[in-house]
Amino acid sequence: MRFTPTELTEEELSLQQQVRDFLQEELPPGSHEPCLGMAANKDKAFSLKMAERGWVGMALPKEWGGSDRTAVDRFIVVEEMLRWGAPVGHHWVADRQTGNVILKFGTEEQRERFLPAICRGELGFSIGMSEPDSGSDLASVSTKAEQTTDGWIINGTKIWTSGAHENDWFVCLLRTSPMEDGNKHAGLSQLLIDLKSPGLEISPIPFLDGSHHFNEVTFNEVFVPDINVVGDLGMGWHQNTTEMAYERGGPDRWLSPFSTVEQLLREAKGTELEETVSDLFGELVARWWGIRNLSLSVARLIDTGEAPSIESSLVKEMGTRYEQEVVEKLVHLIDIEYSPDSDSLFERLLAQCVVTFPGNTIRGGTIEILRSVASKGLKGLPA
Amino acid sequence: MTEATGVDELVTETADRLFTQICDHESVQNAEAAGAAPEIWSAFAETGFPWISIDEDRGGSGGTLLDALEVLRLVGYHAAPIPAAETGVLGGWLLASSGHEIPAGPVTVLPNGNNITASVSGDQMTLAGTCTRVPWARIAERIAVLVEVDGQSMVASVNPKDCVIQPMTNMAGEPRDTVCFDGAIAPASPCVAGVNPESFRFRGALSRAALMAGAIEKMSQLTVTYTNDRIQFGRPVARFQAVQQHLVWGAQEAALARMAAETAGREANRGPAFFEIAAAKLITNQAAARATKACHQAHGAMGMTQEYPLHHYSRRLWSWRKEYGGDAEWSKWLGNAAVSQGAEGLYALVTGGSSVLS
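This structure is a prediction, so every number in the text was calculated from the model and none was measured.

Regarding the interface of chain B and chain A
- Between chain B and chain A, the contact holds 49 residues from the first and 51 residues from the second.
- Around 4,300 Å² of area is buried between chain B and chain A when both sides are counted, 65% of it from carbon and sulfur atoms.
- A per-residue breakdown of the area chain B buries against chain A is headed by Met259(B), Val339(B) and Tyr347(B), which together make up 17% of the total.
- Remark: the boundary between chain B and chain A carries 4 salt bridges.
- Put simply, Arg270(B) and Glu7(A) hold a salt bridge, and the shortest N to O gap is 2.5 Å.
- For the pair chain B and chain A, the interface holds 13 residue pairs in polar contact (both at pLDDT 80 or more).
- With 18 residues, the top contributor of residues to the side of chain B that touches chain A is helix α7 (residues 241–268) of chain B.
- Residues that form the side of chain B that touches chain A fall into these classes: 25 nonpolar, 15 polar and 9 charged.

Quick look at the sheet that holds strand β2 (residues 117–121) of chain B
All names here are of chain B.
- Taken in spatial order, the 6 strands line up as β1-β5-β6-β9-β3-β2 in an open sheet, and their pairing is mixed. In this open sheet, the two strands that pair with only one neighbour each are β1 (107–109) and β2. In this sheet, adjacent strand axes meet at a mean angle of 35° when their direction is disregarded.
- Two strands pair when backbone bridges link them, and β2 and strand β3 (residues 124–128) are joined in this way by 5 bridges, in the antiparallel orientation. Within the sheet, the bridge partner assigned to Val 120 lies in β3 and is Met 125.
- Each of β1, β5 (142–149), β6 (152–158) and β9 (185–190) is contacted by helix α5 (residues 84–97), which is oriented at about 85° to β1, the strand it contacts most.

Some thoughts on the domain arrangement of chain B
All names here are of chain B.
- Domain annotation of chain B identifies domain 1 (1–82), domain 2 (106–192) and domain 3 (197–356).
- Computed over C-alpha atoms, the centres of domain 1 and domain 2 are 24 Å apart.
- Contacts between the two partners involve 6 residues from domain 1 and, on the opposite side, 7 residues from domain 2.
- Taken together, both faces of the contact between domain 1 and domain 2 bury some 540 Å²; the carbon and sulfur share is 64%.
- Broken down residue by residue, the surface that domain 1 buries against domain 2 is led by Glu 32, Gly 35 and Trp 41, which jointly contribute 60%.
- Where domain 1 packs against domain 2, one counts 0 salt bridges.
- The interface formed by domain 1 and domain 2 contains 0 residue pairs in polar contact (both at pLDDT 80 or more).
- A class-by-class count of the residues in the side of domain 1 that touches domain 2 yields 4 nonpolar, 1 polar and 1 charged.

Brief notes about a positive patch on the surface
- Together, Lys376(A), Lys379(A), Arg235(B) and Arg239(B) make up a region of like positive charge exposed at the surface.
- Tracing the chain through its elements places Arg235(B) in strand β11 (residues 235–236).
- Assessed through its relative accessible area of 36%, Arg235(B) is described here as partly exposed.

Side note on the packing of helix α6 (residues 197–229) of chain B against helix α8 (residues 274–299) of chain B
Residue and element names in this part refer to chain B.
- Taken N-terminus to C-terminus, the directions of α6 and α8 make an angle of 25°; their axes are 8 Å apart at the nearest point. Looking at the two axes, α6 sits roughly parallel to α8. Relative to α8, the crossing made by α6 is left-handed.
- The residue makeup of the contact of α6 with α8, split by class, is 18 nonpolar, 7 polar and 3 charged.

About the criteria used
- The residue numbers shown here count from 1 along each chain, following its written sequence.
- Throughout, the order in which chains and ligands are written sets their labels, letters from A for the former and numbers from 1 for the latter.
- It should be noted that, the model being predicted, local features are given only for residues of pLDDT at least 70 and side-chain atom pairs only at 80 or more, the latter also being counted only at that level, while totals for whole chains, interfaces and linings use all residues.
- Derived side-chain values reflect all non-hydrogen atoms in the structure, with water molecules and hydrogen atoms excluded from consideration.
- We call two residues in contact when some of their heavy atoms are within 4.5 Å.
- As a working definition, buried area equals the accessible area (1.4 Å probe) given up by two parts on being put together, with both sides summed.
- In the sections that follow, a salt bridge refers to a side-chain nitrogen of Lys or Arg positioned within 4 Å of a carboxyl oxygen of Asp or Glu.
- N or O atoms closer than or at 3.5 Å make up a polar contact, with two conditions inside protein: a donor-capable atom paired with an acceptor-capable one, and, for residues adjacent in sequence, both atoms drawn from side chains.
- Each helix is a run of H or I in the DSSP string that is no shorter than four residues. Each strand is a run of E no shorter than two, and both are numbered from the N terminus.
- In this count, Pro and Cys sit with the nonpolar residues alongside Ala, Val, Leu, Ile, Met, Phe, Trp and Tyr, while Asp, Glu, Lys and Arg are called charged and the others, Gly among them, polar.
- Pairs of strands are assigned from DSSP output, requiring at least two bridges between the strands.
- Axis lines are fitted to C-alpha atoms, over the contacting stretch for helices. Their N-to-C directions set the angle, which ranges from 0 to 180 degrees.
- Start and end positions for the domains come from either an automated domain assignment or a database one.
- For patch detection, residues must exceed 30% relative accessible area and be free of salt bridges, and they are connected within 9 Å for like charges or within 5 Å for nonpolar side chains (Val, Leu, Ile, Met, Phe, Trp, Tyr).
- Only the protein chains shown count as covering a residue, and every accessible area follows the Shrake-Rupley method with a 1.4 Å probe.
- Positive residues here are Lys and Arg, negative ones are Asp and Glu, while His and the chain termini are left out of the count.
- Each charge is placed at NZ for Lys, CZ for Arg, CG for Asp and CD for Glu.
- Burial here depends on accessible area, computed with a 1.4 Å probe over protein chains only, as a share of the maximum for the residue type. Under 20% is buried, over 50% is exposed, and the range in between is partly exposed.
- Between 65 and 115 degrees an angle is taken as roughly perpendicular, under 35 as roughly parallel, over 145 as roughly antiparallel, and anywhere else as oblique.
- Note: crossing handedness is left-handed where the near helix turns anticlockwise from the far helix by less than a right angle, and right-handed where it turns clockwise.

Okay, structure coming up:
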């Protein structure tokens, strides 16, 4: 494990400036309610505008509609979007991971069918991993796909499926052959499922504040054609693990409270609160600077062809805890009864952070699971 | 040199090998008891390492500030009981920036020298006042005293024999002596532009960040090894999720501290780096606190003994955390910088650092 310091090149800085100019024009401060990181609103029109500039699926090859840009370029775009609180929800999953999975493991036909549409910002994807009896122990999934003449019949239930009620497609980890003794990682496969398929039912699992992100998706004899199997049969676990490496360690794991902090500074400027929060801002900018450098160095490593799974697990574990720490520091320091319908944007955002951020150290793999992954990787290091 | 902003790999290899040979647990322990480690210093000085980043025509060893900070990182990693930072990037820098000769032996500086008063007559300076917590003053050949006289930063190269030195230590048993200057007379000369009490404070913080990054990394690695070797309930304690938490926290803080120190070093090596250094010192300070807690907890009672080496690193970290600025000083400095940027400039500060502060 080694995080090598890196910095943005002239071209990369110019991309950063282009994204900043775009946001300043499209979403000037005060014109929109900032989103809290990747739990962002879905705004297809906004996704299409980003796609016009080549910023959706940008790391995918040109032949499939992408821009052949690097992981660092994607880091820059994602970073600027998230710190601005931009509504990136519609293309988020496709851009971060599904596009990569289809490129890496999919058939030529699947690449042709999905990648250009992803890069145009058109398609929204959900991910089907957890089930009522499978959470952190993901390999125990039991939703079954059984082979028929030209496809698969699926029965079972997926839960915590974000956005299934709004998205188009579902990348699902399913059991395509029965669990063998002692090898629960075998017999799993990834299938692409149309969320409008007959027999597929979507019902909301209301979030703790009543909002609708999560769903339960039940399969009742849902037919999926053979051509929708991603990669080799039985390789779903391996593919899924690879996918997780893309999912971890990026700006989405440490920038979620930034809009809230920025808004605090905006509202505190020139008031007596400014002095109260000054030292805290010192600590926050230092930590953000430090964690950002780690996260950026992971993106740079990916561009050298490495799969820095230990490094990205360490950054995600630290970043998501940091997000919660930021909120706790704000709550501790500022003695107001913030309310979700306050006139103050800062108060509204803070209330939302307090209520939703416990999920930050759970989504995409709990920090306990991440520690287990990372600590095994630490063992080989020289002492 | 691997690249324009990189560290000479030979420096890393040679320094690591040297310290591995001469700074084992026992010799570091003995140095603490004796209050000095002349044989470790001699072996270190023989390589020319103490004077890296000081131009050869000024009596140094050449090389970049990055190379010098890499040596300091390894000094921290091996808990080498020598005034490496004081002799090179701090004292050597002050002497070379003011045209003084670089002595063959150790040099020290005044981390808290604000209360020293000076009067200048020609090229001689007469000093008065007492300075506390001067690293290794008892073995120094020269004390590089930086003072402002009529708005001009000047350095006096003081012979410690002209001072009264009272031995004191920090929590790691490293010499942090009290030096009384009353009546000391020493040759003095003005500094080149950019060398002043403020830039010295930042450079001191940068030196500590490098030392601390090394010590935290070593502590983290010791902890991984120990918990994988230590068997309880029939398996290595590292297999327990509760212990894994400490391993991961230690490794994260090590990575964060090293990244911060190296990034600050890179910026300082090529221009103004006030933001990066302030952030790096605050980060390493807090990383030291979190990592020592995690690593001690994972070691159990063994980490609380003198016979096991964890304390060489943890006690140094607790001490270095307070040298050249504790958490309050740097968060205040950074807070002023952040607030002065305003909401619109806040993220540009995170990404652009000193380049956006003018």
